[in-house]
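One letter stands for each residue in the lines below.
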Amino acid sequence: MSSHIDVPPGGVARNGDAGATGTPARTSDRGAATRGALLAAARDVFCESGFAQAAVTDIVAKAGASVGSLYHHFSGKADLYLTLYEDFQTGQQVRTRKAINAVREAGETDPMRQFIAGAGAYLDGCLAERDVARLFISGDGPPGFDRVMRERLGRWARRNAALFHTADGGVDEALVMVLTGAMAGAVSEISLMDDEDAARGLADEIMAIVGTIRNPRTGQR
C-alpha cells in the first residue's frame, strides 16, 4: 500500500521550451519546498497533539502555507500521516541495507549475523527518530493504520528473512512470523522508553536473544 502522493506535474513542468528559461524549475522548487514544509509541520503537530487532535489549520499555519496548497499536494490529514510513515520506512530500509552490506563487505557470511546487523540498524533508526517512531506505535492514527503498519513490518521482515533460504529456495514462513513479532515488540518498547541508554541496552539484549534462534538453513545457532 502506497500513500505517497506525488506533486502533480502540471502544464508548466511539461513545458520543455519554458524549461530552458529556468521558470519551471523555480516553480517546481517552490512546490517541493511547500510540500516539504507541510510534511515537517505535520510531523511536529502530530507528535505534539496526536493524529486525532491535529487540525489541518494548525498544520498549514505552522508550515506558512494555505489549506489549498495542502490539498494540492495531499488528499488530507490521513495522507500526510501515511506519507510521513512511508518516508520513515524508506529511511529505515536504507539504514538496514547499508548495515547488511557493511557486514557482508567485512566478510560476514552467516545469515543470522547479517540479519542482526540490519535489525540493529532498524532499531537505531527508531531511537534516532523516536518522536515519529513513538507516534506510529501510539495507536492514534488514521483508521486501518495498525494493519498498514503490521503489513509494512511484515514485508520488511520477509525481505530480510530471505537471507535464510529453505532447501527448496523459498522463505521460512515460521521464521518470518518470529522475526516480525520480535521486531514489532522491540520497536514498541524502545520507542516508548524515555531513557535512551536504557532503550539502546534493551535493543542490544533483544537482538542478542534473536541471534540465538536456530538458523533454518544450516541448523546452527
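Since we're looking at a predicted model, the values are computed, not measured. (Residues numbered from 1 in each chain as written. Predicted model: local features only at pLDDT ≥ 70, side-chain atom pairs only at ≥ 80, totals over all residues. Heavy atoms only, no water.)

## A look at the overall build of the protein
Within the protein, the secondary structure is distributed over 11 helices and 0 strands. When the helices and strands of the protein are listed from N to C terminus, the series reads α-α-α-α-α-α-α-α-α-α-α. A fraction of 71% describes how many contacts in the protein between residues 6 or more apart in sequence connect residues 24 or more apart. Taken as a whole, the protein presents about 11,300 Å² of accessible surface, with 53% of it coming from carbon and sulfur. (Helix = DSSP H or I, 4+ residues; strand = E, 2+ residues; numbered from the N terminus. Contact = heavy atoms within 4.5 Å. Areas by Shrake-Rupley, 256 points an atom, 1.4 Å probe, with all protein chains shown as cover.)

## A word on the environment of Ala186
Position of Ala186 relative to the elements: it lies in helix H10 (residues 173-192). Sequence separation of Ala186 and Glu205 is 19 residues, and the distance between their C-alpha atoms is 9.9 Å. Once residues lying within four places of it in the same chain are set aside, the contact partners of Ala186 are Leu123 and Ile206.

## Points about the environment of Asp131
For Asp131, the location among the structural elements is in helix H8 (residues 130-137). The class for Asp131 is partly exposed, based on a relative accessible area of 37%. It is 8.9 Å that separates the C-alpha atoms of Asp131 and Arg43, two residues lying 88 residues apart in sequence. Not counting the four nearest positions on each side in its chain, Asp131 is found in contact with Arg43 and Cys47. (Buried < 20%, exposed > 50% of the residue type's maximum accessible area, 1.4 Å probe, protein only.)

## Comments concerning the environment of Ala54
By the element assignment, Ala54 lies in the loop between helix H3 (23-49) and helix H4 (56-63). Separated by 10 residues in sequence, Ala54 and Asp44 have C-alpha atoms that sit 9.9 Å apart. With sequence-adjacent residues up to four places away left out, Ala54 is seen in contact with Val45, Phe46, Ser49 and Lys77.

## Topic: the nonpolar core
With 52 residues, the main nonpolar core has Phe46, Phe115, Phe136 and Met183 as its most contacted residues. Breaking this core down by element, the ones donating at least two residues are H3, H4, helix H6 (77-105), helix H7 (111-128), H8, helix H9 (145-161), H10 and helix H11 (196-210). In terms of residues, this core owes the most to one element, H7, which gives 8 residues. Ignoring anything within four residues of it in the chain, the contact list for Phe46 reads Phe51, Ala54, Ile59, Lys77, Leu80, Tyr81, Leu84 and Leu135. (Core = buried A, V, L, I, M, F, W, Y, C linked by side-chain atoms within 4.5 Å.)

## Some remarks on H10
Under the 1.5 Å per step criterion, the end-to-end length of H10 is 29 Å for 20 residues, consistent within 8% with the ideal 28 Å. Residues Leu175, Val176, Leu179, Thr180, Met183, Ala186, Val187, Ile190 and Ser191 constitute the buried set of H10. Seen end-on, H10 carries its buried residues on one side only, within an arc spanning 135°. (Expected span 1.5 Å × (residues − 1). Arc of directions from axis to C-beta.)

## A closer look at the packing of aromatic side chains
Evaluation of the coordinates by the stated rule reveals 9 aromatic pairs. The interplanar angle of 85° and the centroid separation of 5.5 Å between the aromatic rings of Tyr81 and Phe136 together place this pair among those described as edge-to-face. Separated by 55 residues along the polypeptide, Tyr81 in helix H6 and Phe136 in helix H8 bring together distant segments of the chain. Taken as a pair, Tyr81 and Phe136 share a single burial class, namely buried. Geometrically, the ring pair formed by Tyr85 and Phe145 is edge-to-face, given 4.9 Å between the ring centres and 85° between the ring planes. You can see Tyr85 sitting in helix H6 and its partner Phe145 sitting in helix H9, a full 60 residues away along the chain. With respect to burial, Tyr85 and Phe145 carry one shared label: buried. (Phe/Tyr/Trp six-rings, centres within 6.5 Å; stacked < 30°, edge-to-face > 60°.)

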